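So the chains spell out like this:
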Amino acid sequence: MKDIENKVQEKVASSLTANGIELLPFIPYLLQDLWELGSSPEDIMHLIKKHISISNNTKMLDLACGKGAVSVNICKELNIETKG
């Protein structure tokens, strides 16, 4: 079981381009002040407005939403229900 846990930690560290797993316990602290992780909410909003017809019945699902910055912006700007 420990081998599986170590492999998972190594994969997580690798996805963050870390050289080892030593910093993993500190990741929540390091990321706490970052609101946007990953996609730019402005870029996503532009793509939605350009390619999706929005109506009163429109709902969105934000997979891999991170901290939810994209979903929050969609809710505010388009006034539609979004789950992340």
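Further up the page is the structure itself.
Just so it is clear, the structure is predicted and the values come from calculations on it, not from any experiment.

**Notes on helix α4 (residues 69-78)**
And then number 1: Taken as a whole, α4 has its buried residues at Ala69, Val70, Ser71, Ile74 and Leu78.
And then number 2: For α4, the secondary structure elements touched by its buried residues are α3 (41-51), β1 (59-61) and β2 (81-83).
And then number 3: The positive-phi residue at the C-terminal boundary of α4 is asparagine 79, with phi of around 55°.

**Let's talk about the pattern of salt bridges**
And then number 1: Counting across every chain of the model gives 1 salt bridge.
And then number 2: Of the charged contacts in the structure, one is a salt bridge between lysine 49 and glutamate 77, with a shortest N-O distance of 2.3 Å. With lysine 49 in helix α3 and glutamate 77 in helix α4, this pair connects stretches of sequence that are 28 residues apart.

**Considerations on the state of the cysteines**
And then number 1: Within the structure shown, the criterion is met by 0 disulfides.
And then number 2: Of all cysteine sulfurs in the structure, the one in cysteine 75 sits closest to cysteine 65, which takes part in no disulfide; the separation is 11 Å.
And then number 3: With relative accessibility at 30%, the residue cysteine 75 sits in the partly exposed group.

**Structural notes on the nonpolar core**
And then number 1: The biggest cluster of nonpolar side chains holds 7 residues, and these are Met45, Ile48, Met60, Val70, Ile74, Leu78 and Ile80.
And then number 2: Those elements that place two or more of their residues in this core are α3 and α4.
And then number 3: Tallying contributions element by element places α4 first for this core, with 3 residues.
And then number 4: Other than its neighbours up to four places away in sequence, isoleucine 80 contacts Ile54, Ser55, Thr58, Met60, Ile74 and Cys75.

**Structural notes on the packing of α3 against α4**
And then number 1: Packing of α3 against α4 brings their axes to within 9 Å, and their N-to-C directions diverge by 50°. Relative to α4, the element α3 is oriented oblique. Crossing hand, α3 versus α4: right-handed. Facing α3, whose interface residues are Pro41, Ile44, Met45, Ile48 and Lys49, α4 presents Ala69, Val70, Asn73, Ile74, Glu77 and Leu78.
And then number 2: Class assignment for the residues of the contact of α3 with α4 results in 8 nonpolar, 1 polar and 2 charged.

Criteria and thresholds
Residues numbered from 1 in each chain as written. Predicted model: local features only at pLDDT ≥ 70, side-chain atom pairs only at ≥ 80, totals over all residues. Heavy atoms only, no water. Buried < 20%, exposed > 50% of the residue type's maximum accessible area, 1.4 Å probe, protein only. Helix = DSSP H or I, 4+ residues; strand = E, 2+ residues; numbered from the N terminus. Contact = heavy atoms within 4.5 Å. Salt bridge = Lys/Arg side-chain N within 4 Å of Asp/Glu carboxyl O. Disulfide = S-S within 2.5 Å. Core = buried A, V, L, I, M, F, W, Y, C linked by side-chain atoms within 4.5 Å. Axes fitted to C-alpha atoms, helices over the stretch in contact; angles between N-to-C directions. Parallel < 35°, antiparallel > 145°, perpendicular 65-115°, else oblique. Left-handed = near helix turned anticlockwise from the far one by under 90°. Nonpolar A, V, L, I, M, F, W, Y, C, P; charged D, E, K, R; others polar.

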